[in-house]
Amino acid sequence: MRPVDASHCLDHQLPETEASPVGLICPHCKRDLYTRTPEGPLRAFWEEQPGAYSLDGKPCWVYRLDWRDYSIRSLFPADASSECSPAYLASLAAKTAQALLRAVAPAESANATRQE
Ligand SMILES: [Zn+2]
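This section reports on the structure supplied with the text. (Residues numbered from 1 in each chain as written. Predicted model: local features only at pLDDT ≥ 70, side-chain atom pairs only at ≥ 80, totals over all residues. Heavy atoms only, no water.)

The next thing to look at is the sheet that holds strand S3 (residues 43–46). In space, the 5 strands of this open sheet follow the order S2-S1-S7-S6-S3, with antiparallel pairing throughout. Strands at the two margins of the open sheet, each flanked by one partner only, are strand S2 (14–15) and S3. Sheet topology places strand S1 (residues 8–9) next to S2; 2 bridges connect them, and they run antiparallel. When the sheet's bridge partners are listed, His8 is paired in S2 with Pro15. (Pairing = 2+ DSSP bridges. Helix = DSSP H or I, 4+ residues; strand = E, 2+ residues; numbered from the N terminus.)

Here it is as structure tokens:
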């Protein structure tokens, strides 16, 4: 099975090769995530329109991670999107997103429970 690491960051036009709690992202996105914690709930979803087409006309889909003040758009090659189901990747992203939020904002969630 083809690895899912063949994605490409649409914001920075770089291959997504850096490991992070939300999966492989590009070096710029990783720096941003680690230097400035994104705010708000994270939504992870596939965009409805293909971001590009392969040379043989197959759609290349865009997977998106959206915080209130930050987003990451990843373009997956046509062959990767057919072998890795969007539903599986979405569930994977949701799990890793929760892990990231726990990792980067432990103080915030502790405060939230105390302020009731
Ligand atoms: Zn990026």
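In this section: the coordination of the zinc ion. Looking at the metal site, the zinc ion is ligated by Cys9 (SG), His12 (ND1), Cys26 (SG) and Cys29 (SG), spaced 2.0 to 2.3 Å from it. Geometry at the zinc ion is tetrahedral, judged from the 4 donor atoms that bind it and their angles of 99 to 115° at the metal. Take His12: its relative accessible area is 28%, and that puts it in the partly exposed class. For Cys29, a relative accessible area of 0% gives the class buried. (Donors = N, O, S within 2.8 Å, 3.2 Å for Na, K, Ca; no water. Tetrahedral: all angles 85-135°; square planar, octahedral: opposite > 155°, others 65-115°. Buried < 20%, exposed > 50% of the residue type's maximum accessible area, 1.4 Å probe, protein only.)

Honestly, it's all geometry; don't read function into it.
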